[in-house]
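Breakdown of the fold
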Amino acid sequence: MAAHTTLGSILAVGLDGIMRGERLGPALAGLGAWVIGLNGGTLAVNSAFDRDEGDVAYLRSPPPPPRRLFAFGVGLMLAGLGVACLLSRSYLAAYAICLVMSLAYSVPPLRLKAVAGADWVINMWGFGTLTPFAGWAATGTAVSPAGWLVLLAFCPLFAAFYPLTQLYQMDEDRRRGDRTLALRLGARRSLIVAAVCASLAFALLAAAGVRAGWRVGDDVCRWALLAAAALGWFGVLAPWLTGAARWSPSAHQRAMYGALGAWAVTDVAVAVAWGT
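Below you will find a few notes about this structure. (Residues numbered from 1 in each chain as written. Predicted model: local features only at pLDDT ≥ 70, side-chain atom pairs only at ≥ 80, totals over all residues. Heavy atoms only, no water.)

1. Quick word on the nonpolar core
- Ranked by size, the top nonpolar core spans 75 residues in total, and within it Tyr91, Tyr95, Leu164, Trp233, Trp240 and Trp274 carry the most contacts.
- Per element, the largest residue contribution to this core is twelve residues, and it comes from helix H6 (residues 145–164). (Core = buried A, V, L, I, M, F, W, Y, C linked by side-chain atoms within 4.5 Å. Buried < 20%, exposed > 50% of the residue type's maximum accessible area, 1.4 Å probe, protein only. Helix = DSSP H or I, 4+ residues; strand = E, 2+ residues; numbered from the N terminus.)

2. Quick word on helix H5 (residues 118–138)
- In H5, a bend of some 40 degrees at Leu130 exceeds every other bend along the element, and Pro132, a proline, comes one to four places later.
- In terms of burial, H5 is largely enclosed, as 17 of its 21 residues are buried.
- In the stretch just after H5, Gly140 is the one whose phi turns positive, near 80 degrees. (Bend = angle between axes of the 7 residues up to and from the residue.)

3. Focus: helix H9 (residues 187–211)
- The end-to-end C-alpha separation of H9 is 36 Å, in line with the 36 Å expected for 25 residues at 1.5 Å each.
- Within the sequence span of H9, burial applies to Ser190, Leu191, Ala194, Ala195, Cys197, Ala198, Ala201, Phe202, Leu204, Leu205, Ala208 and Gly209.
- Of the surrounding elements, those touching the buried residues of H9 are H5, H6, helix H8 (181–185), helix H10 (220–243) and helix H11 (249–275).
- Positive backbone phi, approximately 90 degrees, marks Gly213, located one or two places after H9. (Expected span 1.5 Å × (residues − 1). Contact = heavy atoms within 4.5 Å.)

4. Some thoughts on unusual backbone geometry
- Residue Pro109 is reached from Pro108 by a cis peptide bond, and omega for that bond is 5 degrees.
- Its location among the elements puts Pro109 in the loop between helix H4 (89–106) and H5.
- With a phi angle near 55 degrees, Arg23 is a residue other than glycine that sits in the positive phi range.
- Following the sequence through the fold, Arg23 ends up in the loop between helix H1 (2–20) and helix H2 (24–50).

5. Some thoughts on the packing of aromatic side chains
- Summed over the entire model, instances satisfying the criterion amount to 16 aromatic pairs.
- For the pair Trp34 and Tyr95, a centre-to-centre distance of 5.9 Å together with 85 degrees between the ring planes defines the contact as edge-to-face. Here Trp34 is found in helix H2, whereas its partner Tyr95 is found in helix H4, with 61 residues between them in sequence.
- Taking the centre distance of 5.5 Å and the plane angle of 75 degrees together, the rings of Phe49 and Phe70 count as edge-to-face. Within this pair, whereas Phe49 is found in helix H2, its partner Phe70 is found in helix H3 (residues 69–84), the two being separated by 21 residues in sequence. (Phe/Tyr/Trp six-rings, centres within 6.5 Å; stacked < 30°, edge-to-face > 60°.)

6. Digging into the packing of H6 against H11
- Two numbers describe how H6 lies on H11: the axes approach to 10 Å, and their chain directions differ by 170 degrees. Relative to H11, the element H6 is oriented roughly antiparallel. Contact residues: Val150, Phe154, Leu157, Phe158, Phe161 and Leu164 in H6; Met256, Ala259, Leu260, Trp263, Thr266, Asp267, Val270 and Trp274 in H11.
- In the contact of H6 with H11, the residues fall into twelve nonpolar, one polar and one charged. (Axes fitted to C-alpha atoms, helices over the stretch in contact; angles between N-to-C directions. Parallel < 35°, antiparallel > 145°, perpendicular 65-115°, else oblique. Nonpolar A, V, L, I, M, F, W, Y, C, P; charged D, E, K, R; others polar.)

7. Quick look at the pattern of salt bridges
- Across all of its chains, the model carries two salt bridges by this definition.
- Note that Glu22 is salt-bridged to Arg20, the shortest N-O span being 3.0 Å.
- On the basis of relative accessible area, Arg20 is assigned to the exposed category, the value being 61%.
- In this structure, the salt-bridge partner of Arg222 is Asp219, at a minimum N-O distance of 2.7 Å.
- Using a relative accessible area of 21% as the deciding quantity, one classes Arg222 as partly exposed. (Salt bridge = Lys/Arg side-chain N within 4 Å of Asp/Glu carboxyl O.)

8. Section: the environment of Thr131
- With respect to the helices and strands, the residue Thr131 is situated in helix H5.
- Sequence spacing of Thr131 and Ala3 is 128 residues, and the spatial spacing of their C-alpha atoms is 9.9 Å.
- With residues near it in sequence (within four places) discarded, Thr131 still touches Met1, His4, Thr5, Trp34 and Gly126.
- Side-chain polar atoms of Thr131 contact the backbone oxygen of Phe127, separated by 3.5 Å. (Polar contact = N/O pair within 3.5 Å; in protein donor to acceptor, adjacent residues only side chain to side chain.)

9. Some details on the packing of H9 against H10
- For the pair H9 and H10, interaxial distance at closest approach is 10 Å and the crossing angle is 175 degrees. When the axes of H9 and H10 are compared, the pair comes out roughly antiparallel. Between H9 and H10, the contacting residues are Arg188, Leu191, Ile192, Ala194, Ala195, Ala198, Ser199, Phe202, Leu205, Ala206, Gly209 and Val210 on the first element and Trp223, Leu226, Ala229, Ala230, Trp233, Phe234, Leu237, Trp240 and Leu241 on the second.
- Of the residues belonging to the contact of H9 with H10, the class tally is 18 nonpolar, two polar and one charged.

Structure follows, in structure tokens:
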């Protein structure tokens, strides 16, 4: 979350601008509010209602949630909102939208994370596009036309990633009665959707490169970075798609970490390609 938010600030002022400390104060304030207040609060609120017993991402055998975890999470989110009020209007708007989506995602009776499709839409926009937009908006810098395409590309990219996070948890989600996207689609169709969405994401990134004026000869390194990131994604998805029917939950979980690595490579590639 911190890296993906910071990506927006890098796109706004460039890597050189970051190194010079350009707009550093507002960027750091926005980063702290988004990662600690909004994301930290969301995780706490989500955990208060999930009561997971199996592995959750990097947390093995999670303990029972402590009392007042929900109140603590909401408090973090509201504290971050207070910081957001001191930054640009566009940052405040993004924060307020994601705060509402986070509560709708986690809290009964809505609890949209248990509704197939609604969970997907919230995450693809909230984490995929609005998170780097917040990093950009925190600097107070206007988003360029090519920048809008880059930010938009992360929406289908997270649409690709999100069902992959659910495949290893399908048995537990089924026991709990959650109707997640992966349960509705099944493993194979979830992976096909992921491949299609990842393809769309890189098509948008390529369009952003064209909009930014990249040339085939002069900007070969930038195009190569995007190609390497795309190969990383399909290097994870191709064997996963062919072996999904035989894989255990632990194998799906290992592949999910591979997809998370591909996401990190994409963030770095985009930061270098557009930030230099």
